[in-house]
Amino acid sequence: MKLGVRAQIFAATWLSYAGFYVTRKVFNVVKHPIKEALTLDDAGVANLWTTFLVAYALGQFFSAWLSRRMSNRTQVLLGMSTSVACSLATGALLPLGHDALPLLFVVLAVHGVAQATGWPCNIGLMARWTEKKERGRVMAVWATCYQLGAVFAKAFAAFFFGWLGLAWSFYAAAGALAVITVVFAVCVKEKPEDAGLPPYPDDDPSDADDADDDVAPAVDAGGGEPPRTARAGREQMLLVVAMGVIYFAFKFCRYALDDWSALILGEHFHIATDVAGYLSTAFDWIGFVGVLAAGWASDKIFGGSRLNTIAVLTVGCVVVTSLMYGLGLSSPYAFVIFLGLVGFMVMGPDSLFSGAGAMDSGSREQAARAAGIINGCGAIGPIVQERLIGQLKGDYGDDVVFLVMVVMTVLAAIGVGAFWLTLRRLKIRL
């Protein structure tokens, strides 16, 4: 019975976060038509979406704080319901043209806060229903919600744009998430006890409900000495914030390609908006494989070490972004191939930092808070890239997008290396 209930929880939370993507990714697919409808340039449309991203980043920290006062399930339901309303409002406002801009800024700000509930609170739910020894593999499968969710969201938006036009791409997204919200409300329980089942045993016998007494589950760093435990107060917070700072670079790269690839395909190679939207899903399809590979490798090859897996993939990120900078704009075929390869290398570390890594950094009760802080720090990356790339793309052309990607992956590699050496010196293994 426990396996059946757990499968139900996994499926419903998976659908929940995939559904959040349906209402989030539509904007990026139809960015070109939005530019035309609102008479904006690249920098103008970047400013509009930056409003969402700023609200999303701030909302992560708010959700982390709220997780100690409100259940994860309740937060997710509120977030999904609000996202439905905001998507409907966006669809209604866009046909009004430039005059709708002030209201659109407000709607996107509210939408960003609503979307911010999705990741940390679903991670908090999953932490209640998993054990540490299985999290790499389980969360690798579960985290495909944001690859497959993005693939579906982009194709869904492109289809409805091509069929019914700009507004209906937002209306349809709202309808899809509304259905998922009902499924989530019916199927999800906060923890096993709510379903009449015994709780999972603590990952570490020293874990406790009181945040001041929790310990981060550090394990043997490879030497003969026992591992050093990080207190849940200052030391654990520093661990989580350091992960978030490094995650910034990965999320910058992920969103740089996710937000601009459809537009670059359409403008640089003169491809129709709906076709460009379909082609841009290569980033998510191959990224999906990267997430599965990273989760399996962290459990089976690296013995539960998320950071060792991240280090290997980070080196791969530097290589493939360099190749994309040199060759990616030579043809649409090369662009799509390198887009997929970058997706593979970026999505693995992305999922490990924000998923299993966030869970492993503290007890189950702290998972939503850790995920909110890590994802909140990382969410600054999309804000920076949206404005930076929007400006640089308009001033210097498409090449600069990929040059910036190379710089960010090199910085990520430096950060991961420094973090790995620091934890090794402290005999903490993540």
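Quick caveat: nothing in here was measured; it's all calculated off a predicted structure. (Residues numbered from 1 in each chain as written. Predicted model: local features only at pLDDT ≥ 70, side-chain atom pairs only at ≥ 80, totals over all residues. Heavy atoms only, no water.)

A. Structural view of the packing of aromatic side chains. Applying the stated criterion across every chain yields a total of 19 aromatic pairs. Ring centres of Phe-52 and Tyr-56 lie 6.1 Å apart, and the angle between their planes is 10°; this geometry places the pair in the stacked category. With Phe-52 and Tyr-56 both in helix H3 (residues 42-66) and 4 residues apart, the pair spans about one turn of that helix. Overall, Phe-52 belongs to the buried group, its relative accessible area being 1%. Ring-pair connections join several aromatic residues into one group, and the members of that group are Tyr-17, Phe-20, Tyr-21, Trp-119 and Trp-142. Above the face of the Trp-260 ring, Lys-31 is positioned so that its terminal group lies 4.0 Å from the ring centre. (Phe/Tyr/Trp six-rings, centres within 6.5 Å; stacked < 30°, edge-to-face > 60°. Helix = DSSP H or I, 4+ residues; strand = E, 2+ residues; numbered from the N terminus. Buried < 20%, exposed > 50% of the residue type's maximum accessible area, 1.4 Å probe, protein only. Lys NZ or Arg CZ within 6 Å of the ring centre and 35° of its normal.)

B. Structural detail: a nonpolar patch on the surface. Together, Tyr-325, Leu-403, Val-407, Val-410, Leu-411 and Ile-414 line one region of the surface with nonpolar side chains, adding up to about 520 Å² of accessible area. Here the element with the most residues in the nonpolar patch is helix H17 (residues 399-425); it accounts for 5 residues. Counting through the fold element by element, Val-410 comes out in helix H17. Here Val-410 falls in the partly exposed class, since its relative accessible area comes to 34%. (Patch = residues over 30% accessible without salt bridge, like charges linked within 9 Å, V, L, I, M, F, W, Y side chains within 5 Å. Areas by Shrake-Rupley, 256 points an atom, 1.4 Å probe, with all protein chains shown as cover. Salt bridge = Lys/Arg side-chain N within 4 Å of Asp/Glu carboxyl O.)

C. Representation of unusual backbone geometry within the structure. We note that Thr-39 has phi near 50°; this positive angle belongs to a residue other than glycine. Along the polypeptide, Thr-39 turns up in the loop between helix H2 (31-38) and H3. Non-glycine residue His-270 carries a positive phi angle of around 55°. Along the chain, the position of His-270 falls in the loop between helix H10 (234-268) and helix H11 (273-279).

D. Region of the structure containing the pattern of salt bridges. Using the criterion set out here, one finds 8 salt bridges in the structure. The shortest N-O distance in the salt bridge between Glu-267 and Lys-393 comes to 2.9 Å. In this pair, Glu-267 sits in helix H10 while Lys-393 sits in helix H16 (residues 380-396), placing the two residues 126 residues apart along the sequence. By sharing partners, the salt bridges in this structure join Lys-35, Glu-267, Lys-393 and Asp-398 into a single network.

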